[in-house]
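# Survey of secondary and tertiary structure
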Amino acid sequence: MTVVTDPLAAARHALLDQRRLLGPAELTTLAELPETRLPELCQLAHDVRLAWAGPQVEVEGILSVKTGGCPEDCHFCSQSSAFDTEVKATPFLDTTEVLEAARETKATGATEFCIVLAVRGPDEKTMDRILELVPLIESDTGMNVAVSAGILEGDQASRLAAGGVHRYNHNLETSRSFFPNVATTHSWDERWETCLDVKRAGMELCCGVLLGMGESDAQRIELIGQLQELQPQEVPLNFLNPRPGTPLQIRRPVGANEALKWIALFRLGLPPVILRYAGGREITLGDLQAAGLTAGINALIVGNYLTTLGRTADEDLDMLAELAMPVGALQAAW
Ligand code: SF4
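Scope of this entry: the structure provided in the associated data block. (Residues numbered from 1 in each chain as written. Predicted model: local features only at pLDDT ≥ 70, side-chain atom pairs only at ≥ 80, totals over all residues. Heavy atoms only, no water.)

This paragraph deals with the overall build of the chain. If you tally the helices and strands in the chain, you get 12 helices and nine strands. A globule of 334 residues ought to have a C-alpha radius of gyration of about 20 Å, and the chain, at 19 Å, matches this closely. Taken over the C-alpha atoms alone, the chain extends approximately 65 × 40 × 40 Å along its principal axes. Per-residue burial for the chain yields a buried fraction of 56% across its 334 residues. For the chain, restricting intrachain contacts to residue pairs at least 6 apart in sequence, the fraction spanning at least 24 positions comes to 76%. Here the chain has roughly 13500 Å² of accessible surface; of this, 52% comes from carbon and sulfur atoms. In the chain, which carries 27 positive and 45 negative side-chain charges, the distance between the mean positions of the two groups comes to 2 Å. (Helix = DSSP H or I, 4+ residues; strand = E, 2+ residues; numbered from the N terminus. Rg over C-alpha atoms; globule rule 2.2 N^0.38 Å. Buried < 20%, exposed > 50% of the residue type's maximum accessible area, 1.4 Å probe, protein only. Contact = heavy atoms within 4.5 Å. Areas by Shrake-Rupley, 256 points an atom, 1.4 Å probe, with all protein chains shown as cover. Lys, Arg positive; Asp, Glu negative; His and termini not counted. Charge placed at Lys NZ, Arg CZ, Asp CG, Glu CD.)

Have a look at this one:
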């Protein structure tokens, strides 16, 4: 019997020949590889992405329909009313504005359009607005509609599913053990419960993470394990963009090599997911945007992010054309 001792060769064998998930000890060994092996780590992540998820890249548009004034205190978030930031509370956008943005998004080739609300969770009035908008956007543009509206309670998840919401976004953000450092007004377990509710109701779960808040490598690996258990369809990978006025404004952005390493490790830990470049990629990766797409990323949010300026949709679409990566809707098969 051949014993594979090199950690990268062992991970390749596990993921591509045995088609099994890596455990925490294997991921830790990969995380400890010297930086000189980063290109090989990225190459393996790219091969795993192609083998498990195919060559397509999913493009999604995102629109903040209710910005700022959130009562929660997530320490990274400029939309929290607990901190004095440049983001001020604005009312719910009207239907015409939402449809206009959806049509612009559709023109980029996007297949998914996500409406995002800065709230703890949707109250009845908000539920009504969401349930009114979702079928309108869908019938007007033909795109799948995703919603991000915080913690769901009671029968809210099943009502959203029945109302046509294709995917619901609710981020874990970080591992259970690190979360108390990040927010005090709600718990990690409340987030976890909402994620389970979304799945039980039959919607696709989009469950994002935010790296660079001071969590350790072990806590990042803990988070990958928690996502393996949750099996979301999509994982938006955010890097902290330290916003003035928030408690995390003092943190340094994650460096480019570290960002690439963790993109690769999230792909290796979560081989079938739609791993989406989300916020903070400009400040961490700068000119190395394309490198992430050959290190495990297979989805993009185009245009402006929620409160910070992303790149233009054209820049991203040109990048995909240069990489000869086709755009299309994806589904994760766990
Ligand atoms: S719940 Fe969402 S919008 Fe509100 S402070 Fe936390 S991250 Fe920001």
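This part covers the packing of aromatic side chains. One pass over the structure, following the stated rule, counts one aromatic pair. Across the ring face of Phe-92, the terminal group of Arg-129 is positioned such that the distance to the ring centre comes to 4.7 Å. Arg-220 extends its terminal NZ or CZ atom over the ring of Trp-262, reaching a point 5.2 Å from the ring centre. (Phe/Tyr/Trp six-rings, centres within 6.5 Å; stacked < 30°, edge-to-face > 60°. Lys NZ or Arg CZ within 6 Å of the ring centre and 35° of its normal.)

Structurally, Thr-194 is set in helix H7 (residues 188–200). Not counting residues within four places of it along the chain, the set of residues in contact with Thr-194 comprises Gly-150, Ile-151, Leu-152, Tyr-168 and His-170.

This part takes up unusual backbone geometry. One non-glycine residue with positive phi stands out, namely Glu-173, at about 70°. When you line up the elements, Glu-173 lands in the loop between strand S4 (167–169) and H7. Phi is positive for Gln-231, close to 50°, though the residue is something other than glycine. Along the chain, Gln-231 falls in the loop between helix H8 (217–230) and strand S7 (234–239).

This paragraph deals with the site of the ligand. Around the ligand lies a shell formed by Cys-70, Glu-72, Cys-74, Phe-76, Cys-77, Ser-80 and Ala-118. Its residues assigned to classes, the shell around the ligand comprises five nonpolar, one polar and one charged. (Near = heavy atom within 4 Å. Nonpolar A, V, L, I, M, F, W, Y, C, P; charged D, E, K, R; others polar.)

Moving on, we come to helix H5 (residues 124–141). With 18 residues, H5 should cover 26 Å at 1.5 Å per step; its first-to-last C-alpha distance of 26 Å lies within 8% of that length. Check the buried side of H5 and you find it contacts helix H4 (95–106), strand S2 (112–117), strand S3 (144–148) and helix H6 (156–162). Looking at the residues trailing H5, positive phi occurs at Gly-142, about 80°. (Expected span 1.5 Å × (residues − 1).)

Burial within strand S1 (residues 58–66) is extensive, with nine of its nine residues counted as buried. In this structure, S1 lies alongside strand S9 (residues 299–302), joined through four bridges in parallel fashion. Residue pairing in the sheet places Gly-61 in a bridge with Val-302 of S9. Sheet analysis places S1 next to S2, joined by six bridges and oriented parallel. By the bridge assignment, Gly-61 is partnered in S2 with Phe-113. Handedness of the crossover joining S1 and S2 through H4 is recorded here as right-handed. (Pairing = 2+ DSSP bridges. Right-handed = clockwise from strand over helix to strand, strands pointing away.)

We now examine a negative patch on the surface. Residues Asp-94, Glu-97, Glu-100 and Glu-104 make up a contiguous surface patch of negative charge. Mapped onto the fold, Glu-104 is located in helix H4. Taking relative accessible area as the criterion, Glu-104 reaches 57% and is therefore assigned exposed. (Patch = residues over 30% accessible without salt bridge, like charges linked within 9 Å, V, L, I, M, F, W, Y side chains within 5 Å. Salt bridge = Lys/Arg side-chain N within 4 Å of Asp/Glu carboxyl O.)

A few words now on the packing of H8 against helix H9 (residues 256–269). Look at H8 against H9: their axes get within 10 Å of each other, and the N-to-C directions meet at 30°. By the angle class used here, H8 and H9 are roughly parallel. Note that H8 runs across H9; the crossing there is right-handed. Across the interface between the two elements, Asp-217, Arg-220, Ile-221, Leu-223, Ile-224, Leu-227 and Gln-228 from H8 touch Glu-258, Lys-261, Trp-262, Leu-265, Phe-266 and Gly-269 from H9. When grouped by side-chain class, the residues that make up the contact of H8 with H9 number seven nonpolar, two polar and four charged. (Axes fitted to C-alpha atoms, helices over the stretch in contact; angles between N-to-C directions. Parallel < 35°, antiparallel > 145°, perpendicular 65-115°, else oblique. Left-handed = near helix turned anticlockwise from the far one by under 90°.)

Where H7 contacts H8, the axes come no closer than 11 Å and their chain directions differ by 30°. Relative to H8, H7 is oriented roughly parallel. H8 is crossed by H7, and the crossing has right-handed handedness. Contacts from Trp-188, Trp-192, Cys-195, Leu-196 and Lys-199 in H7 reach Gln-226, Glu-229 and Leu-230 in H8. A per-class count over the contact of H7 with H8 returns five nonpolar, one polar and two charged.

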